[in-house]
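The lines below spell out each chain.
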Amino acid sequence: MKKRNMLLLFPVLLIPLACSSQEDPDLRLWYKKPAAVWEEALPIGNGRLGAMVFGAPSVDHIQFNEETLWTGEPHDYAHEGAYSYLQQIRTLISQGRQKEAEALAMKEFMSVPLRQKKYQPFGDLWISFPGHLQVSDYMRELDLSTATCRTSYTKGDTSYVREYIASFPADMIAVHLRSDKKKALTFDLILSSPHEETSVIATSDGFITMNVKVKEGVLRGCSMLEVKLKGGNITASGTNLRVENADEAMLKLVAATNFVNPRYTEGDPETLCSQHLALTGKKSFKKIRSEHVADYSRYFSRFSISLGTSGKKELPTDARIREVNSSMDNSLAALYVQYGRYLLLASSREGTYPANLQGIWNDKLNPSWDSKYTVNINTEMNYWPAEPLNIAECHEALFRMLEEVVPSGTKVARQHYNARGWVLHHNIDLWRGAAPINASNHGIWPTGSGWLAHHLWEHYLYAPDKTFLERSAWPLMKGSAMFYVDFLVEDPKTGWLISTPSNSPENGGLVAGPTMDHQIIRSLFKACIEASGILGSDREFADTLRQMLPRIAPYKIGDFGQLQEWMEDKDDPNNKHRHVSHLWGVHPGMEINWKDTPELMEAAKVSLVARGDEGTGWSLAWKINFWARFRDGDHAWKMVRMLLRPQGQSQSRATGGGSAGGGSYPNLFDAHPPFQIDGNFGGAAGIVEMLMQSHLGAIDILPALPGDLPEGQIKGMRARGGFDVNFSWKEGKLQYLTVTSRYGNPLAIRYGSRTYSSNTKKGQVLKLDGDLREM
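Residues numbered from 1 in each chain as written. Predicted model: local features only at pLDDT ≥ 70, side-chain atom pairs only at ≥ 80, totals over all residues. Heavy atoms only, no water.

## Quick word on the overall build of the protein
Check the secondary structure of the protein and you find 18 helices and 34 strands. Compactness check: the protein gives a C-alpha radius of gyration of 26 Å against a globular reference of 28 Å for 775 residues, within 12% of the reference. Seen through its principal axes, the protein has C-alpha atoms that stretch 80 × 65 × 50 Å. Buried residues in the protein amount to 64% of all 775 residues. Across the protein, the fraction of contacts at a sequence separation of at least 24, relative to all contacts at a separation of at least 6, is 67%. In the structure as shown, the protein presents an accessible area of about 26800 Å², 49% of it carried by carbon and sulfur atoms. (Helix = DSSP H or I, 4+ residues; strand = E, 2+ residues; numbered from the N terminus. Rg over C-alpha atoms; globule rule 2.2 N^0.38 Å. Buried < 20%, exposed > 50% of the residue type's maximum accessible area, 1.4 Å probe, protein only. Contact = heavy atoms within 4.5 Å. Areas by Shrake-Rupley, 256 points an atom, 1.4 Å probe, with all protein chains shown as cover.)

Dropping the structure here:
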């Protein structure tokens, strides 16, 4: 049953009024008209279920997803016998015969099959209100402080309000419908799905059950809608439900699939749905919402940010985005940071899977790049905000996926490279594929595992829990490093240890020794050496890494002063590629910095200037972080403005077409274009990276403050070493600083030329003035 365009069949005439809500405008997206396209709808999610709310008065549309509905079946993708061709591929590359090496690799070294699988939409809930074509006082909004979406309007002399939540405690999407008049709610409910194999049954006791089956794969799903009324009655008509003359209504929507884990798909989605509905029993919406808000607020309320009074909060969010072209809206940037935190909490909770290319939201059977996990930048960027923005628990979903990918990564390491440990190339799907996919000129990139292993180490640096390091982080970090011990080979031309075959992500084809690989591997080796010392274990392995470190090919500065992307000096100063992979050592790495390697920082800056400011949404976000590390706040702020600028609706979502320039859709989703969520997360992290950094052994306050950001305040930001930090600034100068020591580690602070250092005790709170003097 397909009803994907019902909104077009029920046009609505709106008479909008100005916003009258008393909620905090810094934590609120709001609009004077319903969503006409998907990129205008508002997202809700609980980590496992996601939904996009359109909010039309006459026919409301709630498109929803469940995180484990994908195409495909259990499969490890490894190419048996691939290793026998490895040396021949390396030799061809060494001889400068790149195209021959790529052709051989395509035939003998790639994933089987060549492509991974697709994340799928689940279905659509339609709520049709007869006669609600002409309304006034219309508004729809998303309150980030409570994770609640709301639509309100007036028809005649009756006011209507709809509230939508995706509850983690209740494991469901709940919708509450009410009006200020008795018996005023009459509407029809329809469940549909874009999947060809779909069946729907409605019963007069207030249930709709929908079963779906993906076309190419073994996964099937069940969704159940339960209707609870105060007053009125329900009748079933075929596959639909009719509610008449109700005072209030609550819709409880659940969904599940037969997926259990990447190797087992014999789950019972019907039983799971019944269990999810039973969780709430006879609870009222008020109770369900109260528990939802209490759970969500435990995370969201830890952090706050204000970037001054400069802004246009009286305008709807879509209008504010449009105004960015003419003047920067500082408070919109603060909202963007909080929106990034909201989206990560909505798409990545404990016990769920991590946010993919679109978080958890997708309405297409053939989404761009399959809406899977691209790990040569995008998946990692999704988690940049997790630690500094005080929602570290979101990282657990990523770590869960890493544990699941190790078995297939171990097999690929053995069959493709005859190596120990585990490896991951540039993509993962639900089935935890780890082999190189798509094409040899960009799919053979064996450092995805190394980069993702850094997230375990970063999690430890922010919260130095030795138990986590020993039980969770170290086994994966060591396994990843062990692969590179076996994989690195001596370059016949220079004698250095190099990574080959590989590529500098999606730029320049199959090569030997891309700079990014060596940065990631060096950084991982250093982290493993330090972790080994902390744990007092695996000292022999750590000694092996120490011996290899100085033998890895060093950085090179090229003819136009750039940091070389490859071992050969072949960088093109006119290349405006979206990836800037060889600057990984600047960010998120820390090997290249002003303190230890100023000459490399200057070279990296030359490279970034040559690449240009323009880029896709996630590319703009990464550049914000780069310029923050370069301590050029004005340039970083320019990039923030570019990320916030409106993305034209003329871009083709179906083909992924449109200009290369990224920006924001009306719902503040990041535009690659098309939609990719990584820019939302990378942009949020980049904005706060301008205001505080902690990667060089001290907490740097306002390291890249732009001139157009003269005042602001942050509370609840986290720093490496186990510190929570609050601070404010005015007229471009620090006013106060409060640091809470969570682990009792030594504390060092830098602000301009001023420094402060102290030993701390666990739980100690230090208060400093703008000159870093104790108060």
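## Concerning the sheet that holds strand β27 (residues 692-693)
With mixed pairing, four strands are arranged side by side in an open sheet as β27-β28-β32-β33. For this open sheet the edge positions go to β27 and β33 (754-758), each flanked by a neighbour on one side alone. When strand β28 (residues 699-701) meets strand β32 (residues 747-751), the two strands line up parallel, connected through two bridges. In the sheet register, Ile-699 faces β32, and the bridge partner there is Ile-749. (Pairing = 2+ DSSP bridges.)

## Examining the environment of Lys-286
Inspection of the secondary structure assignment puts Lys-286 in helix α5 (residues 285-300). Along the primary structure Lys-286 and Trp-627 are separated by 341 residues, whereas in three dimensions their C-alpha atoms are 46 Å apart.

## With respect to the nonpolar core
Core analysis: the biggest nonpolar cluster contains 230 residues, and Phe-525, Ile-701 and Phe-727 have the highest contact counts within it. Once you skip the residues sitting within four places of it in the chain, Ile-701 turns out to touch Leu-691, Met-692, Val-725, Phe-727, Leu-734, Leu-737, Ile-749, Arg-750 and Tyr-751. Formed by 13 residues, the second largest nonpolar core is a distinct cluster that contains Ile-165, Ala-170, Leu-277 and Phe-285. (Core = buried A, V, L, I, M, F, W, Y, C linked by side-chain atoms within 4.5 Å.)

## Observations regarding the packing of aromatic side chains
Under the defined criterion, the tally for this structure stands at 27 aromatic pairs. Aromatic side chains Phe-64 and Phe-122 sit 5.6 Å apart centroid to centroid with 25 degrees between the ring planes, which places their arrangement in the stacked category. Of this pair, Phe-64 sits in strand β5 (residues 59-66) while Phe-122 sits in the loop between α3 (98-108) and β6 (123-128), and the two are 58 residues apart along the sequence. Considered together, Phe-64 and Phe-122 belong to a single accessibility category, that of buried residues. Relative to Trp-584, the ring of Trp-451 has its centre 6.0 Å away and its plane inclined at 90 degrees; by these criteria the two rings are edge-to-face. Taken together, the residues span a long stretch of sequence, with Trp-451 in helix α11 (residues 448-462) and Trp-584 in the loop between α14 (539-548) and α15 (598-611) at a distance of 133 residues. Residue Trp-584 is classed as buried on the basis of its relative accessible area of 2%. Taken together, the ring pairs connect Phe-109, Tyr-417, Phe-483, Tyr-484 and Phe-487 into an aromatic cluster. The aromatic ring of Phe-300 is capped on one face by Arg-341, whose charged end is 5.0 Å from the ring centroid. (Phe/Tyr/Trp six-rings, centres within 6.5 Å; stacked < 30°, edge-to-face > 60°. Lys NZ or Arg CZ within 6 Å of the ring centre and 35° of its normal.)

## So, the environment of Met-590
Its location among the elements puts Met-590 in the loop between α14 and α15. On the basis of relative accessibility, which here comes to 28%, the residue Met-590 falls in the partly exposed class. Along the sequence, Met-590 and His-132 sit 458 residues apart, while their C-alpha atoms lie 57 Å from each other. Other than its neighbours up to four places away in sequence, Met-590 contacts Glu-458, Gly-585, His-695, Leu-696 and Arg-720.

## Topic: unusual backbone geometry
In this structure, the amide linkage connecting Thr-500 to the following residue, Pro-501, adopts the cis form with an omega of -5 degrees. A cis geometry characterises the amide bond from His-587 onward to Pro-588, with omega recorded as 5 degrees. Here Pro-588 is to be found in the loop between α14 and α15. For Lys-183, which is not glycine, the phi dihedral falls at a positive 55 degrees. Relative to the assigned elements, Lys-183 resides in the loop between β10 (172-179) and β11 (185-192). Although it is not a glycine, Arg-432 adopts a positive phi angle of roughly 65 degrees. For Arg-432, a relative accessible area of 1% puts it in the buried group.

## Quick look at the side chain of Ser-499
Looking at the element boundaries, Ser-499 is found in the loop between β22 (497-498) and β23 (502-504). Apart from the residues lying within four places of it in its own chain, the contact partners of Ser-499 are Pro-446, Phe-487, Leu-488, Val-511, Ala-512, Gly-513, Pro-514, Asp-517, His-518 and Ile-521.

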